Every structure is written in structure tokens, then in C-alpha cells.
Amino acid sequence: MQRVRNKFLAILTLGVTLLLAAVPTPAYAWWNGDWSDREKITLDTSAAGANIDGPIGTTPVLVRLHAGNFKFDKVKPDGSDIRFVAGDDATPLKFHVEKFDSLLGEAFVWVSVPDLKPGAQTSVYLYYGNAKASAADDAKGSYDPDTVLVYHFGEKGGPARDFTQWANNAQGAGIAVDGSLIAGGLRLDGQTLLHLPASQSLSWADGQALTWSAWIKTGAPQPGAILFSRRDGANAFLIGVDNGAPFVAVTSAAGTQRSAPNAALPPNGWHHIAVVASGPRITLFVDGAQAGGLAVGIPALAGAAVIGGDTAAPAQPAATDQSSTPPTAAPTGGFVGEMDELEISRTAHPAGFIKVAAVGQGGDNGKFLTSSVDEESASWMSGYLTVILKSVTLDGWVVIGILMVMAALSWVVMVDKASYLSKLARANGHFLTSFREVAADLTVLDQGGAEAIAGLSGKVTAADKNMVRNSSLYRIYHVGAEELRRRFAGVRSRTLSAQSIAAIRAALDSGLVREIQRLNRQMVLLTIAISGGPFLGLLGTVIGVMITFASIAASGDVNVNAIAPGIAAALVATVAGLIVAIPALFGYNYLTSRIRDLTSDMQVFVDEFTTKMAEFYSGQAGG
């Protein structure tokens with residue numbers, strides 16, 4: 001019994017370990033088994049990464065894909081099967097593709113990452129490899145409602161397209177350029193202007209919260225070059241670069257104010273310029289760092305805006321704040337260079353948001369964004385099974401746990417019983433060979449008693465003694481030998497009456513019954529597993545289906561995606577019940593066949609012993 005308990009505990013421990021390994025965790029789960037590949041993308045805002053310690057919030061993150069970090073041969077040619085999932089490996093993220101070229105091995109994808117945390121690492125999973133998938137781009141969902149204009153400048157020969165929900169497309173086409181900072185860009189020659197629409201969503205109230213950002217590439221230093229201008233009566237708002245130094249200028253009833261001079265930007269390089277207006281303050285950011293500003297708010301502006309220059313002659317400034325330069329004429333020159341990724345929002349984004357854009361969208365973003373080695377769903381185990389196991393409810397796991405205990409117990413019984421029957425068959429065969437050589441004295445093989453078999457008249461070696469001790473035939477024989485020895489004790493005549501032979505036969509039959517009981521011991525556990533396992537699994541399935549339909553009724557969401565995972569998970573309990581019952585059924589039939597053979601051997605031996613007893617010790621033989 002101690003051996004049985006040890007085996008049971010070992011198999012039960014192994015089963016629990018496998019169960020815990022099968023239960024999916026967020027770090028290793030598989031979002032959807034229809035996708036064969038994924039890679040983990042880590043956004044690092046800690047000190048070791050982008051080093052951002054201020055609030056960020058929900059932000060669009062640019063994911064650059066190239067042959068070094070992405071397997072373009074495993075994705076559809078148009079990239080329509082790519083998906084992005086949050087770090088919990090369960091929440092799909094909004095995204096849209098700016099450019100996808102599988103032939104050149106280059107792609108630019110914008111992913112909306114919710115509530116990006118400062119000073120920490122955030123994980124996002126990129127899934128791909130599903131020939132049946134259709135495109136899931138959602139450009140409008142990639143930006144919050146306060147973002148009213150986003151130009152990627154990827155159009156060729158057409159107006160710049162607004163990727164937000166506000167559809168503020170440019171009025172007229174600019175000069176497109178290939179191979180800009182992020183896919184396509186806009187070339188500005190100082191004369192060709194790009195006009196923005198005068199839409200309601202682009203109207204600014206007095207003191208309007210605002211974030212304006214763009215990437216620019218400057219050429220030779222230009223005095224008073226205008227990147228962006230907007231005028232409405234006496235009010236104006238301008239962003240420009242004066243001899244390489246970025247500035248912001250505001251004209252209102254109080255006059256014109258311009259930010260203090262900054263360090264000139266190195267020419268022929270890309271730089272991120274952002275302006276954030278919050279109440280009575282405007283802040284200028286250059287490459288994610290504050291670079292001055294104005295102690296004044298945005299004036300009311302509702303007219304059309306212009307990129308690349310200024311369309312109106314400005315008035316002379318009337319006043320400046322303490323941080324402004326002395327009154328000078330407002331710049332009017334057109335900007336010569338390139339622009340990419342123009343964004344305008346009706347909210348004042350925090351400094352962390354601006355730095356994420358400056359660091360994450362630039363060409364050198366290795367500290368902020370890293371990709372892991374591609375993972376493959378090796379089999380259906382990490383696909384469909386993961387989806388099913390993730391949907392199993394607590395009651396289902398309880399039923400499955402009980403079934404696992406039943407399975408472990410039945411396996412222990414089968415293994416132990418099969419081993420016992422094999423040893424018993426070998427021992428019986430060994431003993432029967434010696435017994436059939438007995439010619440006169442039936443007690444000769446029982447000289448040592450039940451606990452120590454002595455020599456067996458020299459026919460069994462010392463190495464065979466333990467084997468014979470395990471023989472059921474020997475134990476029955478020992479019963480008969482003891483009966484004979486008791487009757488012959490102190491009597492010279494070695495004859496038996498018919499009544500004595502019948503009494504000894506009854507003793508042999510009782511020994512036979514005890515041996516049959518020993519053979520069938522613990523077999524009831526297999527019958528319980530065979531009959532009880534499926535019913536217990538069915539109980540778990542019924543409860544799971546009830547819970548699934550109850551949750552659907554409570555949520556009111558009736559669709560296949562809502563029903564299928566719950567039903568599939570509920571059926572896991574039935575599968576577990578069958579996994580318990582089917583091996584137990586096969587094992588039970590095999591073991592009962594072995595037990596039946598051994599039982600027949602014992603019955604034959606009882607008849608054989610009785611026959612020899614009658615032959616050796618009957619009255620006629622004694623005469």
C-alpha cells in the first residue's frame with residue numbers, strides 16, 4: 001500500500017504541474033490561434049530607455065518594421081493580417097498603416113497605446129501570419145477626438161489626407177517627396193504653400209488649448225522662415241525658423257509677441273518642433289525639450305491656415321512680454337526644406353507626450369522601442385486550446401481538478417495492478433513446475449511454513465524464494481499443506497477419509513476466494529472512473545453552458561464570438577471526463593482478462609491438489 005500511495009502522489013503531482021502549465025498566463029498566452037506568429041514590442045520610458053518621467057497618457061506610437069526586426073515573408077503582401085494587442089494579450093489596439101511594402105521590406109504603422117506610463121516598460125504584441133484575415137486599419141480610432149488634423153504626407157500628386165475623424169484634408173496638393181523621415185513627406189520651396197481648410201473643428205477660441213507639432217528638415221539658414229501661419233483680422237499665430245532658430249509669434253489686441261531666440265538647428269537634419277498652448281501660456285518644444293515660450297494665450301482664430309509661408313503682411317508689434325525679444329517686424333518669408341507628420345490637437349498635451357513623439361518617431365528610437373525574437377504558435381496547443389482554456393470558469397476548473405485526481409488514481413491502480421499480476425503469473429508458473437514433480441508427499445514443498453520457503457526439496461534456489469512467496473498458488477497450496485500436516489500430526493497412518501478430503505477441499509476453496517478477492521482489490525476504483533468520469537464531466541459542461549448563457553443574457557451581447565468561447569470551454573469538462581474514463585476502460589478490460597486467467601489457474605490448481613490428495617492419501621492407497 002505504501003508503494004501505491006507513493007505512485008499516486010507522484011502521478012498526482014505530475015498531473016497538477018501539467019495542469020498549471022496548461023493554464024494560460026498573460027505573458028505567454030496566445031491572443032488568437034488563427035495567427036501563426038507574433039513578436040513582443042517593448043516601449044521603454046524608464047531611465048534606461050527614453051527617460052521620460054512626466055505624464056504621457058494615450059499616444060500614437062510609430063512602429064517601424066524592416067527586414068531586421070520583422071519577417072515579411074510570413075505576412076500577407078499588403079500587411080492586412082497584422083494586428084496589435086496590448087500587454088495583457090487580450091485587448092486589441094487601434095492602429096493604421098501609413099506604408100507597407102513587403103517587397104522592399106519596409107513598413108510604418110501607427111498604434112494607439114492607451115495610457116502609456118512614464119518611467120516604466122510597456123509591452124505590445126504584434127501578430128501576423130493569417131492568410132484568411134482582412135485589413136483592420138482604423139485610422140480614425142488611432143487618434144483621440146481632440147486630435148483634429150494629422151498629415152502623413154504620403155500622397156503623391158493629391159491633397160494631404162487628414163487621418164483623423166474630422167477629415168480636414170488639405171486644399172490643393174503640395175510637393176511630395178519620397179524617402180522622407182517617415183515614408184513620404186512634403187517639400188517646401190518657399191513659394192508653394194499648402195492651405196488648410198477653414199473648418200469648424202480647426203477654429204480656435206480665445207485662450208484655446210492647443211498642441212501643434214511637426215518634423216522639419218532645414219537647409220541653409222533663412223531669416224524669418226515661416227513654417228505655419230494663421231491670421232484672422234488683427235489676430236495671428238505663426239511658427240517659424242529664423243536663421244535656424246525655432247520661434248513662435250502671436251499677434252492679438254495686445255500687439256505681437258515673439259519667443260526669445262533659441263540655438264540654431266543644425267542644417268540638413270530632422271528635428272521635432274512642437275508648440276503647446278495652455279491658457280495664458282504658450283510653450284515651444286524642440287526635439288522633446290522646452291525651448292522657451294510666451295506668456296500669452298492663443299487668440300481667437302477661425303480663418304484658413306497655411307503651411308510653408310505667410311499670406312498676409314503683418315502689422316508692427318505693439319507690446320512684448322518679459323521673455324520676448326524687442327519689437328521687430330514679424331517674419332514673412334517662406335520656408336525652404338521638408339516637413340513630415342503635421343499634427344494639430346485641441347488639447348494641451350503634457351511634456352511627456354511631446355517627448356515620446358520626438359524620441360519615438362525619430363530615426364534613432366532604439367532606446368524607446370525594441371522588438372523581441374519572433375514567436376511561432378508551434379501547434380494547436382498554443383492556438384485553439386489556449387483560447388478554450390482561457391475561457392474555462394472557476395467551476396469548470398474545480399470539476400477538471402476532481403477528474404484529474406480520479407485519473408491519477410486510476411492510472412496508479414492500473415500500473416500497480418498490472419505489475420502485480422505480472423509478478424504473480426511468473427511466480428505461479430515457477431511454483432507449478434515444482435508442484436507437478438511431487439510424487440508422494442504433498443507437504444514437501446511447504447517445509448518452511450508460510451513466511452519462509454525452505455528449499456522446496458532442492459528444486460528452488462535461494463534466489464527464487466521471494467518469487468515463489470508471491471505466488472497465489474503457493475498460498476493456496478500452503479493452506480492445503482497445513483491441513484494435511486495438522487491431520488497427520490502424531491498419527492502413523494497417512495490416510496484420509498472422504499470427509500477429511502472434503503473438509504480440506506473446503507479450506508482450499510476458502511483460500512481460493514481470498515486470493516480472488518486480493519486479485520480484484522482496487523478494481524472498483526477503475527469502475528468508478530469509467531462510469532463516474534463522464535457523468536462528472538457532463539455536470540461541469542452543463543454548469544458551464546448555464547453560466548455562458550446567463551452571462552450573455554446579462555450583457556445582451558448575442559453573437560458567435562460571445563457564445564463560442566464559453567461553450568467550447570464548457571465542453572472541456574466533458575473531454576476531461578472522457579480522458580479519465582477511456583484509459584480506465586481499456587485498462588479495466590485488460591486487467592479483468594488477466595485476473596480471469598489467474599483465477600482459472602487457481603481453480604485448476606485446487607482440483608489438481610484435491611486429485612493428488614485423494615490419490616496419495618485415500619484409504620485404498622494407504623492399504
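The shown structure was predicted, so the numbers you read here are calculated from the model rather than taken from an experiment.

**A short note on the environment of Asn 428**
With respect to the helices and strands, Asn 428 occurs in helix 4 (residues 394–435). Owing to a relative accessible area of 4%, Asn 428 belongs among the buried residues under this scheme. Through-space distance from the C-alpha of Asn 428 to that of Leu 473 is 5.8 Å; in sequence the pair is 45 residues apart. When sequence neighbours within four positions are dropped, the list of residues in contact with Asn 428 reads Ser 471, Ser 472, Leu 473 and Leu 598.

**Considering the packing of helix 4 against helix 7 (residues 498–520)**
Orientation of helix 4 relative to helix 7, taken along the N-to-C sense of each, is 140 degrees, at an axis distance of 10 Å. Residue-level contacts link Lys 417, Tyr 420, Leu 421 and Leu 424 of helix 4 to Arg 518, Leu 519 and Asn 520 of helix 7.

**Observations regarding the nonpolar core**
In terms of nonpolar packing, the biggest core is built from 49 residues, with Phe 435, Leu 442, Tyr 477, Leu 484, Phe 605, Phe 609 and Met 613 touching the most fellow members. If you list the elements that add at least two residues to this core, you get helix 4, helix 6 (472–488), helix 7, helix 8 (523–555) and helix 9 (560–617). Examining the composition of this core, we find that 16 residues originate from one element, helix 9, more than from any other. In this view, Leu 442 contacts Phe 435, Tyr 477, Leu 484, Phe 609, Lys 612, Met 613, Phe 616 and Tyr 617; residues no more than four positions away in its chain are not counted. Counting residues in each nonpolar core, the second largest holds 42 residues, with Ala 170, Trp 204, Val 248 and Met 339 among its members.

**Observations regarding the confidence of the model for the protein**
Parts of the prediction with low pLDDT should not have their coordinates interpreted in detail. Residue-level pLDDT values for the protein average 85, and 84% of them are 70 or greater. Here residues 313–331 is modelled with pLDDT under 50, and outside its nearest four sequence neighbours on either side it reaches 41 contacts, counting other chains as well. Note that residues 448–459 has pLDDT below 50 and, in this model, 20 contacts with residues that lie over four places away or in other chains.

**Considerations on a nonpolar patch on the surface**
Residues Phe 535, Leu 538, Val 542 and Met 546 make up a contiguous nonpolar surface patch of about 430 Å² in total accessible area. Tracing the sequence through the fold places Leu 538 in helix 8. Look at Leu 538 and you get partly exposed, because its relative accessible area is 44%.

**Description of helix 6**
For helix 6, built from 17 residues, the straight-helix expectation of 24 Å at 1.5 Å per residue is met to within 8% by its first-to-last C-alpha distance of 25 Å. Counting buried positions over the 17 residues of helix 6 gives 13, a clear majority of the element. Where helix 6 terminates, the next one or two residues include Gly 490, which has phi positive at roughly 75 degrees.

**Observations concerning helix 7**
The terminal C-alpha atoms of helix 7 lie 33 Å apart, and with 23 residues this matches the ideal 33 Å at 1.5 Å per residue to within 8%. Those residues of helix 7 that sit buried are Ser 500, Ile 501, Ile 504, Ala 507, Leu 508, Gly 511, Leu 512, Glu 515 and Leu 519. In the stretch just after helix 7, Gln 522 is the one whose phi turns positive, near 75 degrees.

**A closer look at the pattern of salt bridges**
One pass over the structure, following the stated rule, counts 18 salt bridges. Ionic pairing is found between Asp 374 and Lys 71, a salt bridge with its closest N-O pair at 3.5 Å. Separated by 303 residues along the polypeptide, Asp 374 in the loop between strand 22 (369–371) and strand 23 (375–376) and Lys 71 in the loop between strand 2 (57–66) and strand 3 (83–86) bring together distant segments of the chain. For Asp 374, a relative accessible area of 16% puts it in the buried group. For Lys 71, a relative accessible area of 32% corresponds to the partly exposed category. Among the salt bridges present, the one from Glu 483 reaches Arg 486, with a minimum N-O distance of 2.7 Å.

**Structural notes on the packing of aromatic side chains**
The way to describe two aromatic rings as a pair is by their centre distance and the angle between their planes. In total, this model carries 24 aromatic pairs according to the counting rule given. Note on Tyr 151 and Phe 153: the rings are 5.7 Å apart at their centroids and 70 degrees apart in plane angle, and the pair reads as edge-to-face. Exposure remark for Tyr 151: the relative accessible area of 0% places this residue in the buried category. What makes Phe 153 buried here is its relative accessible area of 4%.

Each value, and the rule that gives it
- Residues numbered from 1 in each chain as written.
- Predicted model: local features only at pLDDT ≥ 70, side-chain atom pairs only at ≥ 80, totals over all residues.
- Heavy atoms only, no water.
- Helix = DSSP H or I, 4+ residues; strand = E, 2+ residues; numbered from the N terminus.
- Buried < 20%, exposed > 50% of the residue type's maximum accessible area, 1.4 Å probe, protein only.
- Contact = heavy atoms within 4.5 Å.
- Axes fitted to C-alpha atoms, helices over the stretch in contact; angles between N-to-C directions.
- Core = buried A, V, L, I, M, F, W, Y, C linked by side-chain atoms within 4.5 Å.
- pLDDT = per-residue confidence, 0-100.
- Patch = residues over 30% accessible without salt bridge, like charges linked within 9 Å, V, L, I, M, F, W, Y side chains within 5 Å.
- Areas by Shrake-Rupley, 256 points an atom, 1.4 Å probe, with all protein chains shown as cover.
- Salt bridge = Lys/Arg side-chain N within 4 Å of Asp/Glu carboxyl O.
- Expected span 1.5 Å × (residues − 1).
- Phe/Tyr/Trp six-rings, centres within 6.5 Å; stacked < 30°, edge-to-face > 60°.

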